[in-house]
Amino acid sequence: MNPNEDGGKRAVRGTLVKVLTHSRVDRGMRLEEFASRCVRQGEVHELVTTDQTDHAPGTRIDRVGFLGFVEVDRAGVIDRGDQLWIGGHLVGTVLGFDACHFPNHYNVLVTAAEPVTGPQLGLVPEAHVVFQQRLPAGIGD
């Protein structure tokens with residue numbers, strides 16, 4: 001988050017509608033140039049974990065674990081650096097977006113210690129999903 005550009009925002013909340021069970025080491029996703037995406041109520045987007053951290057536009061993302069699909073409860077903005085929480089547990093930090101399936105859905109890429117799948121995290125349909133803005137250092141401490 002750039003404190004010179006970004007102000008506060010509400011969390012983007014949603015519901016897990018499908019759990020995904022697979023992982024890949026050769027996926028070939030490409031990071032979009034955009035650091036944020038607006039999402040609308042009712043949209044469904046895919047949640048994907050990776051251990052890769054380079055967020056330069058066009059970066060190839062190969063090592064991935066698929067978590068599932070989330071339905072957005074209310075419109076909002078998801079930013080690079082937001083924390084992804086599912087069922088009250090921190091999953092990781094938003095790295096960026098891949099639009100290979102857009103306009104059907106975005107792949108929301110989330111950096112985690114390792115690529116994990118839905119079953120590895122014990123995810124179930126109807127789990128509560130939250131994209132929460134991470135506060136700059138020193139705020140809220």
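These numbers come from a predicted model, not from an experiment. (Residues numbered from 1 in each chain as written. Predicted model: local features only at pLDDT ≥ 70, side-chain atom pairs only at ≥ 80, totals over all residues. Heavy atoms only, no water.)

Trainee: Explain the environment of Val19 here, please?
Mentor: Relative to the helices and strands, Val19 is located in strand β1 (residues 12-19). Separated by 100 residues in the primary sequence, Val19 and Pro119 place their C-alpha atoms 7.5 Å from one another. (Helix = DSSP H or I, 4+ residues; strand = E, 2+ residues; numbered from the N terminus.)

Trainee: It is not clear to me how the pairing of strand β12 (residues 128-132) should be interpreted in this structure. Could you clarify?
Mentor: A regular strand places its side chains so that they alternate between the two faces of the sheet. Bridging between β1 and β12 involves four bridges; their strand directions are antiparallel. Along β12, the bridge assignment pairs Arg13 with Val130. Bridge count for strand β9 (residues 83-86) against β12 is four bridges, and the pairing is antiparallel. Directly across from Gln83, in β12, lies its bridge partner Gln132. (Pairing = 2+ DSSP bridges.)

Trainee: Help me out: how do you make sense of the pattern of salt bridges in this one?
Mentor: Two side chains carrying opposite charge are able to pair once their charged atoms lie near each other. The final tally for this structure, using the stated rule, is six salt bridges. With its nearest N and O atoms 2.6 Å apart, the salt bridge here joins Lys9 to Asp82. Taken together, the positions of Lys9 in the segment before β1 and Asp82 in the loop between β8 (76-79) and β9 put the pair 73 residues apart, joining distant regions of the chain. Here Lys9 falls in the partly exposed class, since its relative accessible area comes to 25%. For Asp82, a relative accessible area of 3% translates into the label buried. Residues joined by salt bridges that share partners form a network here, namely Lys9, Asp79 and Asp82. (Salt bridge = Lys/Arg side-chain N within 4 Å of Asp/Glu carboxyl O. Buried < 20%, exposed > 50% of the residue type's maximum accessible area, 1.4 Å probe, protein only.)

Trainee: What is the right way to read the side chain of Gln52 from this model?
Mentor: With respect to the helices and strands, the residue Gln52 is situated in the loop between β5 (44-50) and β6 (60-61). Here Arg63 takes part through its backbone nitrogen, which lies 3.0 Å from a polar atom of the side chain of Gln52. In this structure Gln52 touches Arg60, Ile61, Asp62, Arg63, Leu95 and Thr111, once residues within four positions along its chain are discounted. (Polar contact = N/O pair within 3.5 Å; in protein donor to acceptor, adjacent residues only side chain to side chain. Contact = heavy atoms within 4.5 Å.)

Trainee: Explanation requested: the environment of Arg74 in the structure shown.
Mentor: Tracing the backbone shows Arg74 in the loop between β7 (64-72) and β8. Here Arg74 is in contact with Arg10, Arg13 and Gln41, once residues within four sequence places are set aside.

Trainee: Mind showing me how you'd approach unusual backbone geometry here?
Mentor: Across the chain, the bulk of peptide bonds are trans and the bulk of non-glycine residues have phi less than zero. Along the chain, Phe102 connects to Pro103 via a cis peptide bond; the corresponding omega equals 20°. For Pro103, the location among the structural elements is in the loop between β10 (89-98) and β11 (107-111). For Glu126, which is not a glycine, the phi torsion comes out positive at approximately 80°. Looking at the element boundaries, Glu126 is found in the loop between β11 and β12.

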